[in-house]
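Coordinates in review
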Amino acid sequence: MSEKIKYFLERLSWVDIMVWLFGLAILVIAVIGVIGSIHNAYYTKEQWMDFVVFGISQGGVYALIALGYTLVYGILFMINFAHGDIFMAGAFTGYFLAAKLNQYGIYNSHPIISLLLIMLLAMVTSVVVALITERVAYRPLRKAPRLVPLITAIGASFTIEYTFRGLYGSGVEAYPDMKIFVGKTSVFGLRILKVHLLVIILSILLMAGLYAYVQYTKAGKAMRAVAEDKDVASLMGVDVDRVIVNTFILGAALAGIAGVLYALIFKQVHFFMGFIPGIKAFTAAVVGGIGNVPGAMLGGFILGIFEALGPGLILEGLGIPASYQLKDVIAFTLLVLVLIFRPTGLMGERLSEEKV
Amino acid sequence: MKKRWFILIAVVLLVAVVLAACGKSSYKCEDPYGCVNVAPGQPIKIGAALVLSGPNESLGVDSLGGVEIAVDDFTAANKDWLAKGKHSIQVVKEDSQCSAEGGQTAAQKLAADKSIVGVIGTNCSSAGEPASKILSDAHIPMISPSNTAPSLTAPKTHAECYLRTAHNDKVQGKAVAEFAYKVLGARTMATIHDGSPYAEQLQQVACDVFTQLGGKCVAQEAINVGDTDMRPVLTKIAATHPDVLYYPIFIQEGALITQQAKEVPGLEKTVLMGSDGMISPDFIKAAGKAAEGMYLSGPAAVNNEEFNKKYEAKYGQEPPSAFHLHAYDATMMLLDAIKKVAVVDKDGTIHIPRKALCQALFSTKNFKGLTGTLTCNQYGDCADPKININKIINGKYVPVWPKK
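Criteria and cut-off values
Residues numbered from 1 in each chain as written. Chains lettered and ligands numbered in written order. Predicted model: local features only at pLDDT ≥ 70, side-chain atom pairs only at ≥ 80, totals over all residues. Heavy atoms only, no water. Helix = DSSP H or I, 4+ residues; strand = E, 2+ residues; numbered from the N terminus. Buried < 20%, exposed > 50% of the residue type's maximum accessible area, 1.4 Å probe, protein only. Contact = heavy atoms within 4.5 Å. Areas by Shrake-Rupley, 256 points an atom, 1.4 Å probe, with all protein chains shown as cover. Lys, Arg positive; Asp, Glu negative; His and termini not counted. Charge placed at Lys NZ, Arg CZ, Asp CG, Glu CD. Domains from an automatic or database assignment. Salt bridge = Lys/Arg side-chain N within 4 Å of Asp/Glu carboxyl O. Buried area = accessible area lost by both parts, 1.4 Å probe. Pairing = 2+ DSSP bridges. Axes fitted to C-alpha atoms, helices over the stretch in contact; angles between N-to-C directions. Parallel < 35°, antiparallel > 145°, perpendicular 65-115°, else oblique. Left-handed = near helix turned anticlockwise from the far one by under 90°. Disulfide = S-S within 2.5 Å.

**Comments concerning the overall build of chain A**
Tallying secondary structure elements over chain A gives 15 helices and four strands in all. Looking at chain A residue by residue over its 356 residues, the buried ones come to 50%. Pairs at least 24 apart in sequence give 77% of the contacts found in chain A among residues at least 6 apart. As displayed, chain A has an accessible area near 17,000 Å², and 70% of this comes from carbon and sulfur atoms. If you average the places of the 26 positive and of the 21 negative side-chain charges in chain A, the two averages end up 6 Å apart.

Quick look at the structure:
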């Protein structure tokens, strides 16, 4: 044990110490903020619970998108920056079906069927866009250095955004209200919007399904095999290209559903809507440990809750006015802290040492 | 040997051309900022830096219509003046977006083109701040049809050759506060801004006047452009139970607040108010039924039958926002000033001295425009500011105050 400590101290550099001190300082400030807020007692208990519920539902959407980042990263070690726009493609296309169904009154007379149809359309659109992106932008670069697909991913992102701008225009469209999801309900004494409840339940179900798929099916096994070592997996008879395509399909389908859920909560869709959720979901994936499926889910929920609670709980306690403007600061500070204290993410793979 | 002959001939030709040019032009530019020379057959170019894409596109489409119709009207009325050198008027469009970066890019592109005489734009004050500085540095006058932030024409911060035909928000903020206090009977107000100069300054003016009247500003919050989840900030505001919630921001975030405010407990009785940044059918479309009954302040001069007819004939739709008449007036003011200071040469070349143009604009007095009678002060405020409060009834903006 003492040898380990000695080894640890030898490797400790000034930079590490400074970075840790910086991280600790942020934590101390955060704790002061929390104490200040609790002391202020500005919000009631119900309002705190509201914040948590807002955070969980937002987090559910982040988590669904984050899964797409994490799945692709786990297998290809590349960050698919076009993923946010794949999410947009589904949500935006779904809008047109929603508007048509609403026009004929089916939207509110058969809400569950309409919702399923919209989700199906959104999934299919997202999957098609993702497959085209994979075929055109990523597959030819499979053997290229890792920076190259990253750049093409950014290019793909712009291409998708502006293609959809050309297709659907640059205006903001709004999903119609689905009557059965308007209003509040209460679960375990928590007041919660019906839309939020739907989003939370659906996202948790989907994540559980995905986890089961990856862990317990043959295709999931192949996926994990490719993630661990592409070459060896292909020697064992795994069709690597097909597994990669499968991964993109899975990620895109989840993004498509996430797009519809997002649109149910926030109503508005436009061609640029994927950018910020994309960045946030990427942050969530990194916080949870990129490449790790349960990590992405955890990261999404944690990020959502932090964003919703942070301004009220931390910033206001520090006496910062108009604190909600700094919501993103909370999200990215969380990222910085995680990267300082756990560079591989909260549930990040501890494989690296074993691999070496 | 041949080569030398060639050079000699070239030199002779060059001298001849220079002499010929001197002989032809009787005009010598003495303006300290230089002149724009428009050769015969060339168009007189004016820039239009407006929001031409994104969620606030309707603001730009609206103004651009005003600019283009003004150009048509001016061309029709000044045929003889333009015919001498076979000139026309060309509108160079740039997308200034609704952001500082957009304004900067558009202004730099326009400033780089030395043949641009003046610029109409921008729509958003956030774009106007950098654009006004860049264009003034390039000695290009800029007239905005819809920048309303007070700082743009404040004595200390205004740009040298920046003017506007839109109202100053000192007027609009006051109208909002008075309406809320006197007509709605509100005593507490909460505001939300998005960090843009327009929203931040407007809500501040409204709050200040509201406080002077005897009311209380119970919360001044802010969000980011691009935020979607407004429920946390609304929950915070709900804790103060304001009578009025005023958020003078733009279409996308404004629509989200409008929708989500209905779902936050504690805001059921709060009256929602916004301003001219959200006057657009796109806002109604995005906010849906939640917008019903909301109040929005905006310029009173919106409907002009003759203009609307021209607009519909040209674009097949009604003007989508509130500043098309301001854009028309701004363009007319600019073109009139150009005509006033321009010198037409014998061969038809039009010389436009830049400093004189700027001075001519600032000395605009009793200009009969579609928005009223415009007189510019030394800081660039030209508007004849009249503010209406509109209520959204059945998806339409209906003026409800001041009563006629």
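Now that the structure has been shown, we can carry on.
**Looking at the domain arrangement of chain B**
By a frequent convention, interface size equals the accessible area lost on bringing the separate parts together. All names here are of chain B. Assigned domains within chain B: domain 1 (35–166 + 302–385) and domain 2 (170–291). On the side of domain 2, 16 residues touch domain 1, which itself brings 18 residues to the contact. There are zero salt bridges connecting domain 1 and domain 2. Only α2 (57–77) and α5 (125–137) provide two or more residues apiece to the side of domain 1 that touches domain 2. Broken down by element, the residue count for the side of domain 1 that touches domain 2 peaks at three residues, all from α5.

**So, the side chain of B:Ser280**
Tracing the backbone shows B:Ser280 in the loop between β10 (271–274) and α10 (281–287). Beyond its immediate sequence surroundings of up to four residues, B:Ser280 is in contact with B:Ser58, B:Ile251, B:Pro320 and B:Tyr397.

**Here's the deal with the interface of chain B and chain A**
The interface of chain B with chain A comprises 33 residues on the first partner and 32 residues on the second. Taken together, both faces of the contact between chain B and chain A bury some 2,800 Å²; the carbon and sulfur share is 53%. Counting the surface chain B buries against chain A, the share from its top three residues, B:Arg231, B:Pro232 and B:Lys236, is 19%. Our count for the chain B to chain A interface comes out at three salt bridges.

**Re the pairing of strand β13 (residues 350–353) of chain B**
All names here are of chain B. Burial along β13 is two-sided: Ile350 and Ile352 and His351 and Pro353, pointing in opposite directions, are all buried. Sheet topology places strand β1 (residues 35–38) next to β13; four bridges connect them, and they run antiparallel. Paired with Val36 across the two strands is Ile352, which belongs to β13. Two strands pair when backbone bridges link them, and strand β12 (residues 343–344) and β13 are joined in this way by two bridges, in the antiparallel orientation. For Val343, the partnering residue across the bridge sits in β13 and is His351. Taking the residues that link successive antiparallel strands as the turn, the β12-β13 hairpin has five residues, and the phi of Gly348 there is positive, at about 100°.

**So, the packing of helix α12 (residues 275–288) of chain A against helix α13 (residues 293–315) of chain A**
What describes two packed helices is the angle between their axes and the distance between those same axes. All names here are of chain A. Following both chains from N to C, one finds α12 and α13 inclined at 120°, their axes separated by 7 Å at the closest point. Relative to α13, the element α12 is oriented oblique. Every pair of crossing elements has a handedness; the one defined by α12 and α13 is right-handed. Contacts between α12 and α13 involve Lys280, Thr283, Ala284, Val287 and Gly288 on the former and, on the latter, Gly295, Gly299, Gly300, Leu303 and Glu307.

**Observations concerning the environment of A:Asp241**
All names here are of chain A. You can see Asp241 is positioned in helix α11 (residues 240–266). Judged by its relative accessible area of 33%, Asp241 falls in the partly exposed class. With 115 residues separating them along the chain, Asp241 and Ser126 place their C-alpha atoms 19 Å apart. Among residues more than four places away in sequence, those in contact with Asp241 are Arg139 and Arg142.

**Some words on the sheet that holds β13(B)**
Residue and element names in this part refer to chain B. Taken together, the three strands give an open sheet; going across it, the order is β1-β13-β12, and neighbouring strands pair in antiparallel fashion. Single-partner strands in this sheet number two, and they are β1 and β12. Against the sheet, helix α13 (residues 354–362) engages β1 and β13, with an angle of about 65° to β13.

**Observations concerning the pattern of salt bridges**
Across all of its chains, the model carries 22 salt bridges over all chains by this definition. Residue A:Glu134 is joined to A:Arg142 by a salt bridge in which the shortest nitrogen-to-oxygen separation is 2.7 Å. Overall, A:Glu134 belongs to the buried group, its relative accessible area being 1%. With its nearest N and O atoms 2.8 Å apart, the salt bridge here joins B:Lys314 to B:Asp72. Of the two residues, B:Lys314 is situated in helix α11 (residues 305–315) and B:Asp72 in helix α2; the sequence distance between them amounts to 242 residues. For B:Lys314, a relative accessible area of 39% puts it in the partly exposed group. Residue classification places B:Asp72 among the partly exposed positions, given a relative accessible area of 36%. Where salt bridges share partners, they join A:Glu134, A:Arg139, A:Arg142 and A:Asp241 into one cluster.

**Observations regarding the state of the cysteines**
Residues and elements named next belong to chain B. The final tally for this structure, using the stated rule, is five disulfides over all chains. Linked covalently through their sulfurs, Cys98 and Cys124 form a disulfide whose S-S length is 2.0 Å. When the S-S torsion is -95°, as for the bridge of Cys98 with Cys124, the disulfide is left-handed. With Cys98 in the loop between β3 (88–95) and α4 (100–112) and Cys124 in the loop between β4 (116–121) and α5, this residue pair connects regions lying 26 residues apart in the sequence. One disulfide in the model links Cys376 with Cys382; its S-S distance is 2.1 Å. Judged by the torsion about the S-S bond (105°), the Cys376/Cys382 disulfide is right-handed. Comparing Cys376 with Cys382, the two get one shared label, buried. Sequence-ordered numbering of the disulfide-bonded cysteines in chain B gives the connectivity 1-2, 3-4, 5-8, 6-7, 9-10.

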